[in-house]
Amino acid sequence: MPAVAGSAPRRPMLGREAGGHAPMTHADRGRFDCFVLLVLGLVALHATGAHADAYPNRPIRLIVPFAAGGLNDVVARLIAPYLERSLGQPFIIDNRPAASGIVGTDAAAKAMPDGHTLLMVASSFTVVPATHPKLPYDPERDLAPIAMVAKNSLLFLVNPKVPAHSLAEFVALARADPGTLNYASPGAATQTHLVVELFSRKANIKLQHIPYRGGAPAMTAMIAGDTQFTAISTLLSLPQIEAGALRAIATGSLSRDAQLPDLPTVAEQGFPGFEAIQWIGLLTTAGTSQDVIDRINAELNRALRDPDLGAKFAQQGLSPAGGTPTEFQRTIATDLKNWTETARAANITAD
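Here the structure is a predicted model, which means the values were calculated and not measured.

Each value, and the rule that gives it
Residues numbered from 1 in each chain as written. Predicted model: local features only at pLDDT ≥ 70, side-chain atom pairs only at ≥ 80, totals over all residues. Heavy atoms only, no water. Buried < 20%, exposed > 50% of the residue type's maximum accessible area, 1.4 Å probe, protein only. Helix = DSSP H or I, 4+ residues; strand = E, 2+ residues; numbered from the N terminus. Pairing = 2+ DSSP bridges. Expected span 1.5 Å × (residues − 1). Polar contact = N/O pair within 3.5 Å; in protein donor to acceptor, adjacent residues only side chain to side chain. Core = buried A, V, L, I, M, F, W, Y, C linked by side-chain atoms within 4.5 Å. Contact = heavy atoms within 4.5 Å. Salt bridge = Lys/Arg side-chain N within 4 Å of Asp/Glu carboxyl O. 1 Å grid on protein atoms, 1.4 Å probe; cavity = no way out; pocket = protein on both sides within 12 Å on 5 of 7 lines; lining within 4 Å. Points joined across faces, edges and corners; volume = space filled by probe spheres on them. Nonpolar A, V, L, I, M, F, W, Y, C, P; charged D, E, K, R; others polar. Bend = angle between axes of the 7 residues up to and from the residue. Right-handed = clockwise from strand over helix to strand, strands pointing away. Phe/Tyr/Trp six-rings, centres within 6.5 Å; stacked < 30°, edge-to-face > 60°. Lys NZ or Arg CZ within 6 Å of the ring centre and 35° of its normal.

**Here's the deal with the pairing of strand β9 (residues 277-285)**
Thought 1: Burial within β9 is extensive, with eight of its nine residues counted as buried.
Thought 2: Bridging between strand β4 (residues 143-158) and β9 involves nine bridges; their strand directions are antiparallel. Residue Ala147 lies in a different strand from β9, and its bridge partner there is Leu282.

**Some details on helix α9 (residues 290-304)**
Thought 1: The terminal C-alpha atoms of α9 lie 21 Å apart, and with 15 residues this matches the ideal 21 Å at 1.5 Å per residue to within 8%.
Thought 2: Val292, Ile293, Ile296, Asn297, Glu299, Leu300, Asn301, Ala303 and Leu304 are the residues of α9 that are buried.
Thought 3: Two or three places before Asp291, at the start of α9, stands the capping residue Ser289, its side-chain oxygen 3.1 Å from that residue's backbone nitrogen.

**What about the nonpolar core?**
Thought 1: In this structure, Phe156, Phe170, Phe199, Leu207, Phe229 and Phe274 are the most contacted members of the largest nonpolar core, which totals 33 residues.
Thought 2: Elements with a contribution of two residues or more to this core: α4 (124-131), β4, α5 (167-176), α6 (191-203), β7 (229-233), β8 (247-251) and α11 (325-346).
Thought 3: No other element matches the six residues that α6 contributes to this core.
Thought 4: With sequence-adjacent residues up to four places away left out, Phe229 is seen in contact with Phe156, Leu157, Val158, Phe170, Asn182, Tyr183, Ala184, Val196, Leu207, Met222 and Ile249.
Thought 5: Listed in part, the 31 residues of the second largest apolar core include Val64, Phe91, Leu118 and Leu300.

**Remarks on the side chain of Asn301**
Thought 1: Turning to its location among the elements, Asn301 is positioned in helix α9.
Thought 2: Take Asn301: its relative accessible area is 15%, and that puts it in the buried class.
Thought 3: Leaving out residues up to four positions away in the same chain, Asn301 has contacts with Gly322 and Gly323.

**Brief notes about the pattern of salt bridges**
Thought 1: A complete count under the given rule lists 11 salt bridges for this structure.
Thought 2: Between Asp94 and Arg61 there is a salt bridge, with its nearest N and O atoms 3.5 Å apart. Remark: Arg61 occurs in strand β1 (residues 60-64) and Asp94 occurs in strand β2 (residues 91-95); sequence separation between them is 33 residues.
Thought 3: Exposure remark for Asp94: the relative accessible area of 19% places this residue in the buried category.
Thought 4: When its relative accessible area of 24% is taken as the criterion, Arg61 is described as partly exposed.

**Section: empty space enclosed by the protein**
Thought 1: Across all of its chains, the model carries one cavity of 30 Å³ or more by this definition.
Thought 2: Taken as a whole, the largest cavity encloses approximately 70 Å³ of empty space.
Thought 3: Every residue lining the largest cavity is listed: Pro65, Phe66, Ser100, Gly101, Ile102, Thr105, Val121, Ala122, Ser124, Phe125, Val128 and Tyr137.
Thought 4: Elements that contribute at least two residues to the lining of the largest cavity include exactly α3 (102-109), β3 (117-122) and α4.
Thought 5: Among the elements that take part in the lining of the largest cavity, α4 stands out by supplying three residues, more than any other.
Thought 6: Within the lining of the largest cavity, the residues separate by chemical class into eight nonpolar, four polar and no charged.

**So, helix α2 (residues 71-87)**
Residues three or four positions apart in an α-helix share a direction because the helix packs 3.6 residues into each turn.
Thought 1: Here α2 is 17 residues long and its end C-alpha atoms lie 24 Å apart, about the 24 Å a rise of 1.5 Å per residue gives.
Thought 2: The sharpest bend along α2 comes to roughly 30°, located at Ala80, with the proline Pro81 sitting one to four residues further on.
Thought 3: Considered for burial, the residues of α2 that qualify are Asn72, Asp73, Val75, Ala76, Leu78, Ile79, Ala80, Tyr82, Leu83 and Leu87.
Thought 4: At the exit of α2 stands Gly88, carrying a positive phi of roughly 80°.

**Examining the pairing of strand β6 (residues 208-211)**
Thought 1: Of the strand pairs in this sheet, strand β5 (residues 182-185) and β6 are connected by four bridges, and their pairing is parallel. Following the sheet pairing, Ala184 is matched in β6 by Ile210.
Thought 2: Handedness of the crossover joining β5 and β6 through α6 is recorded here as right-handed.

**Digging into the environment of Lys312**
Thought 1: Mapped onto the secondary structure, Lys312 falls in helix α10 (residues 307-315).
Thought 2: As a C-alpha pair, Lys312 and Leu78 span 234 residues in sequence and 7.7 Å in three-dimensional space.
Thought 3: In this view, Lys312 contacts Leu78 and Tyr82; residues no more than four positions away in its chain are not counted.

**Let's talk about the packing of aromatic side chains**
Thought 1: Scanning the entire structure with this criterion turns up seven aromatic pairs.
Thought 2: Here the aromatic rings of Phe156 and Phe274 are separated by 6.2 Å at their centres, their planes lie at 85°, and the arrangement is edge-to-face. Of the two residues, Phe156 sits in strand β4 while Phe274 sits in the loop between β8 and β9, which places them 118 residues apart along the sequence.
Thought 3: Of the residues examined, Phe274 reaches a relative accessible area of 3% and is grouped as buried.
Thought 4: Through a chain of ring-to-ring contacts, the aromatic side chains of Phe156, Phe170, Phe199, Phe229, Phe271 and Phe274 assemble into a single cluster.
Thought 5: The ring of Tyr82 is capped by Arg85, whose NZ or CZ atom sits 4.9 Å from the centre of that ring.

This is how it looks when you write it as structure tokens:
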């Protein structure tokens, strides 16, 4: 029936007046809001899980904080095809050679923590914080370890004119005439510099440091007899040892080198626990999901068990490493401690 002019319009009937349910109370509204939030939370959780399961969902950037052609770069390019196949995304090698690797490392430390930016570092990753007091990143807080990829021994070498065929004989020579024997390094504040200083402290000897601009010039000085001692990688030194241009008196690894099985370790020659190796490892940005880190770790370890990749590593003087993120974290922490203490004791800085 139409409304009578001048009368108030009828209000629509609600709730029980219309034969429906009772009006929603404040308590009902609160319970309804909680239900909606719960549903939205479950949807978000499902979406997050689906996103994690979908990793990786775009190309992966692999930062190499050194120039193309170096050992880090070679290892990155050897391992990338294996990870591309297993992870199903292309790897983009991003070389950022500047400031002893600091620039590239900082870029990885500040990337999105989603596993789509990885970092291939060498053992110098733990040397730089010991010799550079101000870094734009914290090596343990800002980066997450995935696994050690490869390693090789540092060999303790003498010029053939040095009358020492063992570490004990070399130590005796150095103690007999402190400060007269020189040692070569690829540069000040490098790993070789710190390794020899650490060994010198443990052996109670004094050697004169002669830094060069890289491993090749240091080797040239050793062969020429300008320096008498060094600790340098198998890759650089093995050809010179085989040619008789240099003599190896110890290997820095805890076990004997497969390429020099008759060469005793430093630990075997009176310095238990002493280790001097170069390693290459894979990290990502801190805050990356542990599930993603574990996925990359599993695929990396699978690749490192491939005999073809092992043969390619051997051509570079390297052995496949592998292991868990926790094991790699322990290596990093131990090295950081050793090199920081050594740099402070010997007053070594990169400045």
